[in-house]
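Single-letter residue listing:
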Protein chains: 2
Amino acid sequence: METAWDDQLRTAGLRVTRPRLSVLGVLAEHPHVDADTIATAARAVHPSISPQAVYGVLKALTGAGLARRIEPAGGPALYELRVGDNHHHLVCRGCGTVADVDCVVGQAPCLTPSDAAGFAVDEAEVVFWGLCADCQVRRSQHGYGSNTAIGEGVGA
Amino acid sequence: METAWDDQLRTAGLRVTRPRLSVLGVLAEHPHVDADTIATAARAVHPSISPQAVYGVLKALTGAGLARRIEPAGGPALYELRVGDNHHHLVCRGCGTVADVDCVVGQAPCLTPSDAAGFAVDEAEVVFWGLCADCQVRRSQHGYGSNTAIGEGVGA
DNA sequence: CGTCTTCTTTTGACTGAGTCAAATCAACGG
DNA sequence: CCGTTGATTTGACTCAGTCAAAAGAAGACG
């Protein structure tokens, strides 16, 4: 489940290329990262990779169902490899850290809206906002003035 | 509850100005609109209002708790006047239309994550994705090729 | 009613995230 | 090994939103 990316790509009908393997490698190490961080990290493995190539790779991966794109309000899009299970996210208002929350389909009562207003709902997206453990400590130590903007520390 | 905006603004410690009243008027008519649409619509009432003024007004309104900002993935931010109640949104993948879904606090079982991973959660944001009634009809009439990009029709 | 202070708006330049298209390059099937 | 087809590079571009300085208006005070 870690070096079988060759097969995963091929099975999805995608060619196996250095940029794609690099991006997959980065995503495996960092569960929730933005495109820019991926580009920087991937360049450590494959120096000549361009930012646009990363966008291309990510579009191919999300299109093929190998990666998932999440877009927390107020920050750039993040990507993760966990696909297929309907899980949700905890986002820290302090440092932008994202954690996964399991939420099995069919076991989530409020994921069926009380009044769907005629909509055919096919997905429910849930984002929990709060402070991670570290930021709670940091805030109580330094007082209340030390708000860090969301996104600053994402995956960096 | 409609022409008392003067009071609402003043109570919030904000000055009563033409741009602000125009924006509030637009928001009252269109429940979920993006900044650009607000600017265009507000210009019908107050022609000299600039796009940047709209951003300023919206920042003031959201800061004062008179408006709420929502940011659906893949589209520009939308604004609404419904504040104070914890309601969520249905977004149409076809036309970008947004509808409100009531979800009273304390009555939403899955809004407390099973494993909060040490996070102090203060808000749960839920977005339901699907097709609105109109787009369901439109899709079955015209076949499957007529996907409209999200956001195109928002409030316009 | 007029003046003065302070908050708003305007104007205009700027950033950051992401897209698009043409040309070059590489994967992989034969 | 070669050719086809898909991927990456390069570079220009769009869109949403921010920032800062200057001009303007709201409302308090006399």
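As shown above, the structure is provided for reference.
Notes on the structure follow. (Residues numbered from 1 in each chain as written. Chains lettered and ligands numbered in written order. Predicted model: local features only at pLDDT ≥ 70, side-chain atom pairs only at ≥ 80, totals over all residues. Heavy atoms only, no water.)

### Quick look at the side chain of A:Thr37
- Checked against the element boundaries, A:Thr37 lands in helix 3 (residues 35-45).
- Classification of A:Thr37 as buried rests on a relative accessible area of 15%. (Helix = DSSP H or I, 4+ residues; strand = E, 2+ residues; numbered from the N terminus. Buried < 20%, exposed > 50% of the residue type's maximum accessible area, 1.4 Å probe, protein only.)

### Quick look at the relation of the copies chain A and chain B
- For the match of chain A to chain B, the screw axis carries a shift of 0.0 Å, the RMSD comes to 0.1 Å, and the turn is 180°. The transformation relating the two chain copies, once decomposed into turn and shift, fits a two-fold axis. Among all residues of chain A, the minimum C-alpha distance to the rotation axis is found for A:Val126, at 2.3 Å.
- Taken together, the interface assignments show that 100% of the residues at the interface of chain A recur at the interface of chain B, consistent with an identical surface on both copies. (Least-squares fit on C-alpha atoms with pLDDT ≥ 70 in both. Contact = heavy atoms within 4.5 Å.)

### Here we look at the interface of chain A and chain B
- Chain A puts 37 residues into the contact, and the matching count from chain B is 37 residues.
- The contact between chain A and chain B buries some 2,900 Å² in all, and 61% of this surface belongs to carbon and sulfur atoms.
- Joining chain A to chain B, the criterion identifies 4 salt bridges.
- Salt-bridge contacts for B:Glu123 lead to A:Arg93; the nearest nitrogen and oxygen are separated by 2.9 Å.
- Put simply, chain A and chain B have 18 residue pairs in polar contact (both at pLDDT 80 or more) between them.
- Those elements that provide at least two residues to the side of chain A that touches chain B are strand 4 (88-92), strand 5 (98-101), strand 6 (120-131) and helix 5 (133-142) of chain A.
- When residues of the side of chain A that touches chain B are assigned to their parent elements, the largest contribution, 12 residues, is made by strand 6 of chain A.
- Residue classes in the side of chain A that touches chain B are distributed as 23 nonpolar, 7 polar and 7 charged. (Buried area = accessible area lost by both parts, 1.4 Å probe. Salt bridge = Lys/Arg side-chain N within 4 Å of Asp/Glu carboxyl O. Polar contact = N/O pair within 3.5 Å; in protein donor to acceptor, adjacent residues only side chain to side chain. Nonpolar A, V, L, I, M, F, W, Y, C, P; charged D, E, K, R; others polar.)

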